[in-house]
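If you want the building blocks of each chain, they are given just below.
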Amino acid sequence: MIETLRFWAAVVLLGLGVFFTFVSTVGILRLPDIYSRAHTASQTDTLGAGFALAGVALAFGWRHVTVYTVLLLFFVFVTNPTAAHAIARSAAETGVEPLLANEGEETDAETVADGGEKR
């Protein structure tokens, strides 16, 4: 009974890990600029790796491999958001502008600068 419950809990955790990793992949492919891509990569990829590693740790049970998996999980939780922050900060310092509107559309700032009338 306990082994069956542990098996299905590991399957659910691995499934959640695959789901969040897939969402991260779609976000990186679909989002327009480096800032939003770094945001989705740091959040959903960390969740995906966290759930997948938790499922692996649960599947292995109480062994020395589980300790390594939990240490890897901690390492991912610390380094993934830090790396995304470093990428976004580097982009900001080098002058990469975030995409705020689609090309060809007029923003509110441009409307105010033109005296309040649209072209």
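Identification of the chain as Cation:proton antiporter from Natronobacterium lacisalsi AJ5 is taken from an unreviewed UniProt entry.

(A) Highlighting the pattern of salt bridges. Considering all chains together, one arrives at two salt bridges under this definition. For the salt bridge of glutamate 3 with arginine 6, the shortest nitrogen-to-oxygen distance reads 3.6 Å. In this pair, glutamate 3 and arginine 6 both sit in helix H1 (residues 2–30), three residues apart, roughly one turn of the helix. By relative accessible area, arginine 6 is classed as partly exposed at 28%.

(B) Just the packing of H1 against helix H2 (residues 34–60), in detail. Packing of H1 against H2 brings their axes to within 7 Å, and their N-to-C directions diverge by 160°. Relative to H2, the element H1 lies roughly antiparallel. Between H1 and H2 lies a crossing of left-handed hand. A breakdown of the residues in the contact of H1 with H2 according to their chemical character gives 17 nonpolar, eight polar and three charged.

(C) Structural detail: the confidence of the model for the chain. A residue-level look at the chain finds 84% of positions with pLDDT of 70 or above and a mean pLDDT of 85. Least confident of the elements in the chain is helix H4 (residues 108–113), whose mean pLDDT is 56; most confident is H1, at 92.

(D) A look at a nonpolar patch on the surface. Residues Phe7, Trp8 and Val11 make up a contiguous nonpolar surface patch of about 320 Å² in total accessible area. Position of tryptophan 8 among the secondary structure elements: in helix H1.

(E) Local environment of H2. With 27 residues, H2 should reach 39 Å at 1.5 Å per residue; the first-to-last C-alpha distance of 37 Å fits that figure. For H2, the set of buried residues is Ala38, Thr40, Ala41, Ser42, Thr44, Thr46, Gly48, Gly50, Leu53, Gly55 and Ala57. The inward-facing, buried residues of H2 abut H1 and helix H3 (64–93).

(F) A look at the UniProt feature "transmembrane region" (unreviewed entry) in the chain. Following the UniProt record, the feature "transmembrane region" (unreviewed entry) maps to residues 7–29 and 49–78 here. Across residues 7–29 one finds 100% helix and 0% strand; the C-alpha atoms that close the span lie 33 Å apart.

Criteria and thresholds
- Residues numbered from 1 in each chain as written.
- Predicted model: local features only at pLDDT ≥ 70, side-chain atom pairs only at ≥ 80, totals over all residues.
- Heavy atoms only, no water.
- Salt bridge = Lys/Arg side-chain N within 4 Å of Asp/Glu carboxyl O.
- Helix = DSSP H or I, 4+ residues; strand = E, 2+ residues; numbered from the N terminus.
- Buried < 20%, exposed > 50% of the residue type's maximum accessible area, 1.4 Å probe, protein only.
- Axes fitted to C-alpha atoms, helices over the stretch in contact; angles between N-to-C directions.
- Parallel < 35°, antiparallel > 145°, perpendicular 65-115°, else oblique.
- Left-handed = near helix turned anticlockwise from the far one by under 90°.
- Nonpolar A, V, L, I, M, F, W, Y, C, P; charged D, E, K, R; others polar.
- pLDDT = per-residue confidence, 0-100.
- Patch = residues over 30% accessible without salt bridge, like charges linked within 9 Å, V, L, I, M, F, W, Y side chains within 5 Å.
- Areas by Shrake-Rupley, 256 points an atom, 1.4 Å probe, with all protein chains shown as cover.
- Expected span 1.5 Å × (residues − 1).
- Contact = heavy atoms within 4.5 Å.
- UniProt positions renumbered as here; feature names shortened; annotations may be inferred.

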